[in-house]
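# Report on the structure
One letter stands for each residue in the lines below.
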Amino acid sequence: MADDWRDALRGLMPEQDVQQADEPAPVETQRRMERPRLHVALERKGRGGKTATIIYGFPESWTDAEVAEVASTLKRRLGTGGSSRGGEILIQGDRVADVRRELDSMFA
């Protein structure tokens, strides 16, 4: 029942457009060809003594939504909290080695 709207849409659109309309490719698939040079740093300053891993250096061509998608993927794979603001990703805790490993696999 949940796919009824997709069936109706397929009847209105040519087959090639339906393929593109289903679901957008995740950012890690879209950006596989473009491997950004990212910086991963450990930071404690200004966080009440708590440690955070910061990822920065995303190209200016990347939108905030694309950076947020990378953050979401990292948080899910690492099983940790974090956020994405202003072209930077914050991952809670000292996860520098884990973040580097995951970024390498995402943009390989």
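Heads up: these notes are all about the structure in this document. Note that the structure is predicted; figures quoted are calculated from it, not measured.

### Brief notes about the overall build of the chain
Across its full length, the chain carries five helices and four strands. Ordering the α and β elements of the chain from the N terminus gives α-α-α-β-β-α-β-β-α. In the chain, which comprises 108 residues, the share counted as buried stands at 28%. In the chain, the proportion of contacts linking residues at least 24 apart, taken out of those at least 6 apart, comes to 53%. Accessible surface for the chain amounts to roughly 7,300 Å². Of this, 48% is attributable to carbon and sulfur atoms.

### Here we look at the packing of aromatic side chains
Taken as a whole and assessed by the stated rule, the structure comprises two aromatic pairs. Between Phe 58 and Trp 62, the ring centres sit 5.3 Å apart and the planes meet at 45°, which makes this aromatic pair tilted. Here Phe 58 matches Trp 62 in class, with each residue buried. Relative to Phe 107, the ring of Trp 62 lies with its centre 5.9 Å away and its plane at 55°, an arrangement referred to as tilted. Pair noted here: Trp 62 is in the loop between strand E2 (52–56) and helix H4 (64–78) and Phe 107 is in the segment after helix H5 (96–106), with a separation of 45 residues, a long-range link. Neither Trp 62 nor Phe 107 differs from the other in exposure class; each is buried. Three or more aromatic residues link up through ring pairs in this structure, and these residues are Phe 58, Trp 62 and Phe 107.

### Thoughts on the packing of H4 against H5
Closest axis-to-axis distance for the H4/H5 pair is 11 Å, and the angle between their directions is 120°. Here H4 is positioned oblique relative to H5, judged by the angle of their axes. The two elements H4 and H5 meet at a crossing, and its hand is right-handed. On H5, the residues touching Val 70, Thr 73, Leu 74, Arg 77 and Leu 78 of H4 are Asp 98, Val 99, Glu 102, Leu 103, Ser 105 and Met 106. Partitioned by chemical class, the residues of the contact of H4 with H5 number six nonpolar, two polar and three charged.

### Some points on the pattern of salt bridges
Applying the stated criterion to the full structure yields five salt bridges. Between Asp 98 and Arg 95 there is a salt bridge, with the nearest N and O atoms lying 2.8 Å from each other. Glu 102 serves as the salt-bridge partner of Arg 101, at 3.7 Å between the closest nitrogen and oxygen. Judged by relative accessible area, which is 47%, Arg 101 ranks as partly exposed. Assessed through its relative accessible area of 12%, Glu 102 is described here as buried. One salt-bridge network, held together by shared partners, links Arg 77, Arg 95, Asp 98, Arg 101 and Glu 102.

Conventions used here
Residues numbered from 1 in each chain as written. Predicted model: local features only at pLDDT ≥ 70, side-chain atom pairs only at ≥ 80, totals over all residues. Heavy atoms only, no water. Helix = DSSP H or I, 4+ residues; strand = E, 2+ residues; numbered from the N terminus. Buried < 20%, exposed > 50% of the residue type's maximum accessible area, 1.4 Å probe, protein only. Contact = heavy atoms within 4.5 Å. Areas by Shrake-Rupley, 256 points an atom, 1.4 Å probe, with all protein chains shown as cover. Phe/Tyr/Trp six-rings, centres within 6.5 Å; stacked < 30°, edge-to-face > 60°. Axes fitted to C-alpha atoms, helices over the stretch in contact; angles between N-to-C directions. Parallel < 35°, antiparallel > 145°, perpendicular 65-115°, else oblique. Left-handed = near helix turned anticlockwise from the far one by under 90°. Nonpolar A, V, L, I, M, F, W, Y, C, P; charged D, E, K, R; others polar. Salt bridge = Lys/Arg side-chain N within 4 Å of Asp/Glu carboxyl O.

Treat this as a map of the structure, not an account of what it does.
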